[in-house]
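# Structural characterization, general
If you want the building blocks of each chain, they are given just below.
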Amino acid sequence: MVASSVGLAASAAFVVGLSAPSQADTLVATYRCTGGVAGSIPVELEAGITPKINSAGQLEVGWSLKYLGDRRFGSPGYFAKGSLLNLEGVVEITGAWDGQLRPKGGKEQAALVPGDQLVVPEGLSDAGSVQRPGTVRVVPGALVVRFTPAQGEVMVNNNRPAIEYTGGWSRITTEEEFGDHLNDLHTTTAVNEVAKLAFTGTQVEYIGRRERDLSPIQIRIDGQPITDPLVEPGKDVNGTPMTGTKAKEVLWKSPEMAYKQHTIEVENTAAGRAYLDAFKVITGALPSPPKHHEATCALVSGGGGIDVVVPGAPSSPPPTTPTPTGTPTGTNSPTNTPTTTPPNNNGDNRDPWHVGVVPGAVNTATTRASATPTTTRFIKAQVVKTPKGGVDTGEAPAEATGGPYGLIAGGSALLLVSATGGLLVRRRRAEHAGGVK
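## Comments concerning the sheet that holds strand 16 (residues 217-221)
The strand order 11-14-19-16-17 describes an open sheet built from five strands, whose pairing is antiparallel. Edge positions in the open sheet fall to strand 11 (163-166) and strand 17 (224-225), since each of these has one partner strand only. In the sheet, strand 11 pairs with strand 14 (residues 194-201) via four bridges, with the strands oriented antiparallel. Directly across from E164, in strand 14, lies its bridge partner K196.

What follows is the structure, given as structure tokens:
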């Protein structure tokens, strides 16, 4: 393949000649992304857009991606390993074919906490079948960023900055044998002290200790009291007062909620001790990427496009080919009459070689004109003599070795033999009866 660029001046379009699977020139485009995981301050991306004909004979468009500047897409919450960042672009195809390709790519993320930088996929790609030669222009369009959180749970330890404490809460370290999460706790003995966490997910758990004489706890979700009766860490799960200490206990678990941002608050309701070990944030399986995490990216520069030339493009549609139609005549000689069927454009007046590029297939906008055979009914056989094997063999019969005189002579001889035989029979009958007179 020979690939060359000509002129990135006013139109910013250049030509690439493609004849075999190979690399082509690359158009560099920049995007500015806002909303969703991009946040309120735009995130900029650079995309290197490269068209080529792949080994399957398809027009393939590949994008390479990287961040520009210091801004990055950020995690909207606490998520287990396996969240996905998916990007989908749009490439407009015009010229000998028209349509769209939608290059896609995704990147799995490590375990996340709010604000963690998201890793973009190394590239995007899509391909469409192009079975006819032609020239097309590949023009980059919009870009969409979608984030799908992983299903799972994350422990948010009591010392995370995301947890807001009011009043006299203090952090203490504990011995490993107690089994507290990360060997620490937050505790208070003041009434109406609150610990609060904002999280994104579908459920949440309050994790702490169970031991004797702990204060009852009020829990609020999204500002609304939700525990009635109150949570009682001073009792076991059966409601019996504790006699020892149990660490890392699930003191309360929320019902399933809609996936979005929520808040949980735990409040000490009496002049006794309260503990907070951790909050467990749970995210259930989601059928599709949440719309409110979606970022949209506008093309800032590099939108001129690339002209891709596949060798062999005709300068005009090929002429229709006449089909011979046999017309019977008195001399049994067929007369060839060219007949064609005009293309069915369905109201489309474009070039009959204008086809649409569709991912994985070819969508023909207008069909190429083709000759339609006409059925001919022959009245007489189309050979002078009847062939030995029937009409389909096309062979003439073998010539006779003798003429009509041979037939006459053979018949006369047969008659003479018959008469002589009859005379001999009569003579023998007479001798048997007593002689011939």
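Okay, back to it.
## Focus on unusual backbone geometry
The phi angle of most residues is negative, glycine excepted, and most peptide bonds adopt the trans form. In this structure, the amide linkage connecting D228 to the following residue, P229, adopts the cis form with an omega of 5°. Within the fold, P229 resides in the loop between strand 17 and strand 18 (245-253). A positive phi is found at L182, a non-glycine position, where the angle reads about 60°. With respect to the element layout, L182 can be found in the loop between strand 12 (170-173) and strand 13 (184-188).

## Concerning the environment of E153
Looking at the secondary structure, you find E153 in strand 10 (residues 152-157). Note on E153: relative accessible area 46%, which makes it partly exposed. Separated by 75 residues in the primary sequence, E153 and Y78 have C-alpha atoms spaced 8.2 Å apart. Those residues in contact with E153 that lie beyond four places of it in its chain are A80, K280, V281 and I282.

## Observations concerning the pattern of salt bridges
Counting across every chain of the model gives 19 salt bridges. Measuring nitrogen to oxygen at the nearest pair gives 3.2 Å for the salt bridge that ties K107 to E122. Of this pair, K107 sits in strand 7 (residues 104-108) while E122 is found in the loop between strand 7 and strand 8 (123-129), placing the two residues 15 residues apart along the sequence. Within the structure, one salt-bridge network assembled from shared partners comprises E88, R102, K104, R146, K291 and E294.

## Quick notes on the nonpolar core
W63, F73 and L85 are the most contacted members of the largest nonpolar core, which has 40 residues in total. At the level of secondary structure, the elements contributing two or more residues to this core comprise strand 2 (27-34), strand 3 (43-53), strand 4 (58-68), strand 5 (84-95), strand 6 (97-101), strand 9 (134-148), strand 22 (295-301) and strand 23 (306-310).

## Quick look at the side chain of N158
One can find N158 in the loop between strand 10 and strand 11. Residue class for N158 comes out buried when judged on its relative accessible area of 0%. Reaching out from N158, the side chain makes a polar contact with the side chain of H186 at a distance of 2.8 Å. If we skip the residues at most four places from it in the chain, N158 touches I163, Y165, R171, D184, L185, H186, L276, D277 and A278.

## A look at the pairing of strand 22
Here strand 2 runs beside strand 22; their pairing, made up of five bridges, is antiparallel. Looking at strand 22, one finds that T30 is bridged to S301. Pairing geometry for strand 9 and strand 22, over three bridges, is antiparallel. Paired with L143 across the bridge in strand 22 is C297.

## Structural notes on the pairing of strand 5
Looking at chain direction, strand 5 and strand 7 are connected through five bridges and run antiparallel. From the neighbouring strand, L85 faces strand 7, where its bridge partner is K107. By the bridge criterion, three bridges tie strand 5 to strand 6 in an arrangement that is antiparallel. What sits directly across from V91, in strand 6, is L101. Adjacent in sequence and paired antiparallel, strand 5 and strand 6 are bridged by one residue.

How each quantity is defined
- Residues numbered from 1 in each chain as written.
- Predicted model: local features only at pLDDT ≥ 70, side-chain atom pairs only at ≥ 80, totals over all residues.
- Heavy atoms only, no water.
- Pairing = 2+ DSSP bridges.
- Helix = DSSP H or I, 4+ residues; strand = E, 2+ residues; numbered from the N terminus.
- Buried < 20%, exposed > 50% of the residue type's maximum accessible area, 1.4 Å probe, protein only.
- Contact = heavy atoms within 4.5 Å.
- Salt bridge = Lys/Arg side-chain N within 4 Å of Asp/Glu carboxyl O.
- Core = buried A, V, L, I, M, F, W, Y, C linked by side-chain atoms within 4.5 Å.
- Polar contact = N/O pair within 3.5 Å; in protein donor to acceptor, adjacent residues only side chain to side chain.

What is shown is where atoms sit, not what they do.
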